[in-house]
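Here is how the chains run, residue by residue.
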Amino acid sequence: MARPTTATHDELLTAAARRFAVTGYKGTSLQDIAREVGCSKATVLYHFASKDALLCELMAPAITVLEELDARIAAHTGGEAQRVAADGFVDLAVRFRREIALLRGEFPDLLQQPAFAHIQQISERLVAAFAGFSDRPEARVAALVVLAGIAETCGEFLDIPDEQLRPALLAVAYRALEVTI
């Protein structure tokens, strides 16, 4: 049965995001989160079945947007798919850059968790779209470099305003992917 969202629930999510950003997902315990909020570990477990469940709830909005982008890309081919993928992923990365920042360096391990298993397939389709569905090694390499670079940049430059970061990322992506504007 789903529990109602409370102020404590939201405080736990906020504290978890802060702890994950500082010590990483693996380096954060439920006790660390409880201590930061000023409650017991049992209180954390009342609101979240596990640390994995906490992470899933933190990441759910970003994953929903990623799934929607995947569906939009499926309707396009070639250069149009590249543009949809680049625009959509930049928007996602800028919007959820704090979530990206807290997962930096741990993304491959997190993909091993059942709740995130489908993200690997979406990532592969996103790389293919970034490459314009080309089999050329140069296109595939550029696609992966740009995709990873967008995520890394958004996680690193939290101080750059969205309205400056988005066009800068798109300019670099279009140039590297050879997308015509």
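Preceding block: the structure.
The sections below set out a description of the structure shown in this document.

Rules of the game
Residues numbered from 1 in each chain as written. Predicted model: local features only at pLDDT ≥ 70, side-chain atom pairs only at ≥ 80, totals over all residues. Heavy atoms only, no water. Helix = DSSP H or I, 4+ residues; strand = E, 2+ residues; numbered from the N terminus. Buried < 20%, exposed > 50% of the residue type's maximum accessible area, 1.4 Å probe, protein only. Contact = heavy atoms within 4.5 Å. Areas by Shrake-Rupley, 256 points an atom, 1.4 Å probe, with all protein chains shown as cover. Core = buried A, V, L, I, M, F, W, Y, C linked by side-chain atoms within 4.5 Å. Salt bridge = Lys/Arg side-chain N within 4 Å of Asp/Glu carboxyl O. Axes fitted to C-alpha atoms, helices over the stretch in contact; angles between N-to-C directions. Parallel < 35°, antiparallel > 145°, perpendicular 65-115°, else oblique. Nonpolar A, V, L, I, M, F, W, Y, C, P; charged D, E, K, R; others polar.

### Here we look at the overall build of the protein chain
Here's step 1: Scanning the protein chain for helices and strands turns up 10 helices and zero strands.
Here's step 2: Helices and strands appear in the protein chain in the N-to-C order α-α-α-α-α-α-α-α-α-α.
Here's step 3: Taking all 181 residues of the protein chain together, 41% fall into the buried category.
Here's step 4: Restricting the contact set of the protein chain to residue pairs at least 6 apart, pairs at least 24 apart contribute 69%.
Here's step 5: Looking at the protein chain as shown, the accessible area adds up to about 9800 Å², and 58% of this sits on carbon and sulfur atoms.

### A closer look at the nonpolar core
Here's step 1: The biggest cluster of nonpolar side chains holds 59 residues, and the ones touching the most others in it are L54, F89, L126, F130 and I150.
Here's step 2: Taken together, the elements giving at least two residues each to this core come down to α1 (7–23), α2 (30–37), α4 (51–74), α5 (78–95), α6 (97–103), α8 (117–130), α9 (137–156) and α10 (162–177).
Here's step 3: Broken down by element, this core gets its largest block of residues, 10 residues, from α4.
Here's step 4: Once you skip the residues sitting within four places of it in the chain, F130 turns out to touch Q82, A85, A86, F89, A143, V146, L147, I150 and L177.

### Description of the pattern of salt bridges
Here's step 1: Taken as a whole, this structure holds seven salt bridges when the rule is applied.
Here's step 2: Of the charged contacts in the structure, one is a salt bridge between R125 and D70, with a shortest N-O distance of 2.6 Å. One end of the pair, R125, is in helix α8; the other, D70, is in helix α4, with 55 residues separating them in the sequence.
Here's step 3: Given a relative accessible area of 16%, D70 falls into the buried group.
Here's step 4: One salt bridge connects R97 with D162, and the closest N-O pair in it is separated by 2.3 Å.

### Things to note about the packing of α1 against α4
Here's step 1: In the contact formed by α1 and α4, the axes pass within 10 Å of each other and the chain directions differ by 95°. As judged from the angle between their axes, α1 and α4 are roughly perpendicular. Residues H9, L12, L13, A16, A17 and F20 of α1 lie in contact with α4, whose contacting residues are K51, L54, L55, E57 and L58.
Here's step 2: Broken down by class, the residue content of the contact of α1 with α4 amounts to eight nonpolar, one polar and two charged.

Such coordinate-based values are descriptive only and should not be taken to indicate function.
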